[in-house]
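Chain and residue survey
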Amino acid sequence: MANKGQWVESGTQLEKDFDRTIKPMLQASVGGRFRQHCDFEVIQGESKVITFGTPGNYEREAPNLYASPKPKGTAGGTRTFEISPHPLYGHETLNYEQRQSLMANGGINEKTWFMTTLVEALEIGEDIEIVKAMEDAEPLLPAINKVGDVSLPLYHPKNLRMFKAALVYARGRFKGKKVKGDYGAWCVIHHLDWSKIELLAGGEAIFADKDYQHMTGINGMTFTTVCGVAIEEVEDLDRNYGEGSGRNYYVKPGTMWICTLDNIKVVSWEGSVRSSSKEDLLNEDTFAMVVSKSVGARVINPLGLWKFSAKPETTLAYEEVFLGESGNPVNTKASA
């Protein structure tokens, strides 16, 4: 309560405009590009404990479970793991000149450049956490789930055939599972790798498969499916994201991840989406803004995840490795 001669300010006009605009923008966000392929859940409490097990038992005759010397069930084939979310932050600071220019142009609204980038930063952070969950699961992958020849580019017939086989296998890995769309798995691939195989002609064309199509997902985004697998083409990010030096990529050229649908559990704390701003004369007369959300991600079943590795692409040029070339190990010549 203000004393006589004093006044109380509940926030500057910029702070009020920011708070009024950013909240509905954050609430309208449904996550990054990859959440639609994952099992997402808002949780209460510190963490989410998941028990993963094999499918239930089936027998043709009624089992005598009471007299069984050993309990029959799935407990011996289950594993339990815990997912703890951690906060992600998006932030921006305007100097005095930018702040004055903003006020002269009507203040803050949902189309102001930094408002959209603040929300986008959180969505990018969530996508990176999902990819990092796949990277963390790599030591658990069986040998058959690590595919590709790193000495050859992806468009080499030897690698391309393995890649297509991995896509076809992944889409039907868990056929008993109901899916949200007309695809059973999804793949993260760098634009440079994808650009080399998209336009291949003849028998090596990846789009010769009748299952190649464009479809609209549950979030309204359109994406490509090949062999029953949703293709997520990604490009390098414009800057580093995360702590320290961070990372400016989802995946690097030469690395592709293929994952069955809903095989990554993503959790977020209830009420963790927050925002704050401060117009501060003491801090060089700046206007600082921050938004926050929590994200935790983990692969559920390593058998539903594949890492495909190939020679990293650096340019748009092709090497001479197609059928009929001497450097192609698929090509053989009869000796004289």
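1. A word on the overall build of the protein chain
Per the secondary structure count, the protein chain includes 5 helices and 14 strands. Looking at the protein chain as a whole, 42% of its 336 residues are labelled buried. Put simply, of all contacts in the protein chain between residues at least 6 apart along the chain, 81% involve residues at least 24 apart. With the model as given, the accessible surface of the protein chain reaches about 19200 Å², and the carbon-plus-sulfur share is 51%.

2. Quick word on the pattern of salt bridges
Evaluated as defined, the whole model comprises 16 salt bridges. One salt bridge in this structure joins Lys265 and Asp39, with 3.3 Å as the shortest N-O distance. Of this pair, Lys265 sits in strand S11 (residues 264-269) while Asp39 sits in strand S1 (residues 39-43), and the two are 226 residues apart along the sequence. Among the residues examined, Lys265 registers a relative accessible area of 6% and is labelled buried. We note a salt bridge from Arg247 to Glu135, for which the minimum N-O separation is 3.1 Å. Taken as a pair, Arg247 in the loop between strand S9 (229-234) and strand S10 (255-260) and Glu135 in helix H3 (residues 113-136) lie far apart in primary sequence, 112 residues in all. Residue classification places Arg247 among the buried residues on the basis of a relative accessible area of 10%.

3. Description of the nonpolar core
One finds Phe18, Phe34, Ile108, Met134, Trp186, Ile264 and Leu305 to be the most contacted residues of the largest nonpolar core, which totals 44 residues. Where this core is concerned, the elements lending two or more residues are helix H1 (13-28), strand S4 (86-94), H3, strand S6 (185-190), S9, S10, S11 and strand S13 (286-299). The element best represented in this core is H3, accounting for 10 residues. Aside from chain neighbours lying at most four places away, what touches Phe18 is Ile108, Met115, Leu118, Ser275, Ser276, Ser277, Phe287, Met289, Val290 and Val291.

Each value, and the rule that gives it
- Here the residue numbering is sequential within each chain, running from 1 through the sequence in written order.
- In keeping with the predicted nature of the model, local features appear solely for residues at pLDDT of at least 70, side-chain atom pairs appear and are counted solely at 80 or more, and the whole-chain, interface and lining totals rest on all residues.
- As a convention, hydrogens and water are excluded, and side-chain values are obtained from all of the structure's heavy atoms.
- Here a strand is any run of E in DSSP of at least two residues, a helix any run of H or I of at least four, and the numbering for each starts at the N terminus.
- For every residue, the accessible area obtained with a 1.4 Å probe (protein chains only) is divided by the maximum for its type, and the residue is called buried under 20%, exposed over 50%, and partly exposed between those limits.
- Note on contacts: a residue pair qualifies if any of its non-hydrogen atoms lie within 4.5 Å across the two residues.
- Residue burial considers only the protein chains on display, and all accessible areas are found by Shrake-Rupley using a 1.4 Å probe.
- Whenever a carboxyl oxygen of Asp or Glu lies within 4 Å of a side-chain nitrogen of Lys or Arg, that contact is scored as a salt bridge.
- Buried residues of nine kinds, namely Ala, Val, Leu, Ile, Met, Phe, Trp, Tyr and Cys, make up a nonpolar core once their side-chain atoms join them within 4.5 Å.

That is the geometry; function is a separate question.
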